[in-house]
Number of protein chains: 2
Amino acid sequence: MTRWKPDAAGRLVAAAIALFDEQGYDATTVAEIAERAGLTKRTFFRHFADKREVLFSGSEELERRWLQGIAATPADATPLAAVTAGFDGVAEMFEERHAFARMRARIVDANPELQERELIKLQTLAGSIAQALRERGVLHNAAILASQAGVTVFHVAFARWVAQDDPSAFRQLMDESLAELRGVTTA
Amino acid sequence: MTRWKPDAAGRLVAAAIALFDEQGYDATTVAEIAERAGLTKRTFFRHFADKREVLFSGSEELERRWLQGIAATPADATPLAAVTAGFDGVAEMFEERHAFARMRARIVDANPELQERELIKLQTLAGSIAQALRERGVLHNAAILASQAGVTVFHVAFARWVAQDDPSAFRQLMDESLAELRGVTTA
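None of the values given here were measured: they were computed from a predicted structure.

This part is about the packing of helix H7 (residues 87–95) of chain B against helix H11 (residues 170–186) of chain B. Residues and elements named next belong to chain B. At a minimum axis separation of 8 Å, H7 and H11 run at an interaxial angle of 140°. Judged by the inter-axis angle, H7 sits oblique to H11. Where H7 crosses over H11, the two elements pack in a sense that is right-handed. Two secondary-structure elements touch here, H7 through Phe87, Asp88, Val90, Ala91 and Phe94 and H11 through Phe170, Arg171 and Met174. The class makeup of the residues in the contact of H7 with H11 is six nonpolar, no polar and two charged.

Our next topic: the nonpolar core. Among the nonpolar cores identified, the biggest contains 80 residues, and Trp66, Phe154 and Phe170 of chain A together with Trp66, Phe154 and Phe170 of chain B are the most heavily contacted of them. Every residue in contact with Phe170 of chain A, bar those within four places of it in the chain, is listed here: Val90, Ala91, Phe94, Phe154, Ala157, Phe158 and Trp161 of chain A. Listed in part, the 22 residues of the second largest apolar core include Leu12, Val54, Phe100 and Leu114 of chain A.

What follows deals with empty space enclosed by the protein. Counted according to the given criterion, the structure contains two cavities of 30 Å³ or more. Size it by volume and the largest cavity reaches roughly 80 Å³. Taken together, Gln123 and Gln148 of chain A together with Leu119, Leu122, Gln123, Gln148, Val151, Thr152 and His155 of chain B form the lining of the largest cavity. Secondary structure elements with two or more residues in the lining of the largest cavity: helix H9 (112–135) and helix H10 (140–163) of chain B. No other element matches the four residues that H10 of chain B contributes to the lining of the largest cavity. The residue inventory of the lining of the largest cavity, partitioned by class, reads three nonpolar, six polar and no charged. Here the second largest cavity is characterised by a volume of approximately 60 Å³. If you go around the second largest cavity, the residues you meet are Leu145, Gln148, Ala149, Thr152 and Leu181 of chain A together with Leu145, Gln148, Ala149, Thr152 and Leu181 of chain B. Of all the secondary-structure elements, those providing two or more residues to the lining of the second largest cavity are helix H10 (140–163) of chain A together with H10 of chain B. Across the lining of the second largest cavity, the residue classes break down as six nonpolar, four polar and no charged.

Moving on, we get to helix H1 (residues 8–23) of chain A. All names here are of chain A. Here H1 contains 16 residues, and its C-alpha end-to-end distance of 22 Å stays within 8% of the 22 Å for a straight helix at 1.5 Å per residue. On its buried face, H1 sits against helix H2 (30–36), helix H3 (41–47), helix H4 (51–54) and helix H8 (98–109). Where H1 ends, the next residue or the one after it, Gly24, has phi of about 95°, a positive value.

Think of interface size as the accessible area that goes away when the parts come together; that is how it is often given. On the side of chain B, 24 residues touch chain A, which itself brings 25 residues to the contact. Buried area between chain A and chain B, both sides added, is near 2,500 Å², and the carbon and sulfur share of it is 69%. If you sort the residues of chain A by the area they bury against chain B, Leu145, Val184 and Thr185 of chain A come out on top, with a joint share of 26%. A salt bridge links Arg117 of chain B to Glu116 of chain A; its shortest N-O distance comes to 3.6 Å. At the boundary of chain A and chain B, one finds five residue pairs in polar contact (both at pLDDT 80 or more).

Scanning the entire structure with this criterion turns up 32 salt bridges over all chains. Residue Glu53 of chain A is joined to Arg52 of chain A by a salt bridge in which the shortest nitrogen-to-oxygen separation is 3.6 Å. Each member of the pair Glu53 of chain A and Arg52 of chain A is classed as buried. Its salt-bridge partner being Arg160 of chain A, residue Glu176 of chain A comes within 3.4 Å of it at the nearest N-O pair. Of the two residues, Glu176 of chain A sits in helix H11 (residues 170–186) while Arg160 of chain A sits in helix H10, which places them 16 residues apart along the sequence. Assessed through its relative accessible area of 25%, Arg160 of chain A is described here as partly exposed. Through salt bridges with shared partners, one network takes in Arg52, Glu53, Glu113, Arg117 and Lys121 of chain A together with Glu116 of chain B.

Basis of the calculations
- Residues numbered from 1 in each chain as written.
- Chains lettered and ligands numbered in written order.
- Predicted model: local features only at pLDDT ≥ 70, side-chain atom pairs only at ≥ 80, totals over all residues.
- Heavy atoms only, no water.
- Axes fitted to C-alpha atoms, helices over the stretch in contact; angles between N-to-C directions.
- Helix = DSSP H or I, 4+ residues; strand = E, 2+ residues; numbered from the N terminus.
- Parallel < 35°, antiparallel > 145°, perpendicular 65-115°, else oblique.
- Left-handed = near helix turned anticlockwise from the far one by under 90°.
- Contact = heavy atoms within 4.5 Å.
- Nonpolar A, V, L, I, M, F, W, Y, C, P; charged D, E, K, R; others polar.
- Core = buried A, V, L, I, M, F, W, Y, C linked by side-chain atoms within 4.5 Å.
- Buried < 20%, exposed > 50% of the residue type's maximum accessible area, 1.4 Å probe, protein only.
- 1 Å grid on protein atoms, 1.4 Å probe; cavity = no way out; pocket = protein on both sides within 12 Å on 5 of 7 lines; lining within 4 Å.
- Points joined across faces, edges and corners; volume = space filled by probe spheres on them.
- Expected span 1.5 Å × (residues − 1).
- Buried area = accessible area lost by both parts, 1.4 Å probe.
- Salt bridge = Lys/Arg side-chain N within 4 Å of Asp/Glu carboxyl O.
- Polar contact = N/O pair within 3.5 Å; in protein donor to acceptor, adjacent residues only side chain to side chain.

Okay, here's the thing in structure tokens:
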């Protein structure tokens, strides 16, 4: 169902997502997650602060991949070109997690607290991207505007990707969302 | 210092902001806020759920003004033109609250929990704007992209406005931020 490698953290994530999906996020305890994964609560807490963080354990890899894409662009790339250079690595990361992402999206969409957490994580990501742009010499406002544009495009594409059936469509959906943003801001 | 009208809610907001600024947000209690305003705790809780909400009491007016601006645009306005039609009413609202907004910004910037709340409020605002656009017949993605663009422009302009000394500069700063966003997305 998901293709997480069978390390402890990956097993805990898979167990948590399955339990949240089966019996609801609120009703699921850390003890149940650990048991389903065949691990102890102690092991759980070595990897995650609480059950909520299990759902956001991909955010570090997302940020790392995105920033790697930015770092690989030529110094004279425009701010938005630098931001969108992260799209390849991001799409690649998600492609093999489509079933997981769909279940996760259902869980998050059903819970206002998780939706808020998701927004905070996205804004934290936007902040890191803006910081990376500033370190390339992009001015403060342009860095914020370009990073927000990139994260919004990502967010819109992500919602479309989990709502359709083709795991490989994400990269294309990001391009389409970017074109739509260009259309919206230039119209 | 601030120009809130001397109604109970306004007095509580002014008292809270002054106390947060003087002795810190965490150290300030609802009892102290009520006392400073010459009111009871009971009156406080008739107006606000907790001391945090005092800082976000302007968000309803902000949304109302913004949506009024959108509603007043012709049906054939582009999505972004509709969104930016809210800027006049928004700038007008803040113009007479510059001293207040600066103190508030200092308090929020010093507290991660308040920063998170601010982001949530902005995203809620973006959601309401997107909803208003959809009701005008704008397609889902264009509505999200245009509303996010508008809120980002607002956010960038707001940060610049509280960092400078001219209360009347907000409207102009919004135009400049919008031009910068256009520059970023078309470059």
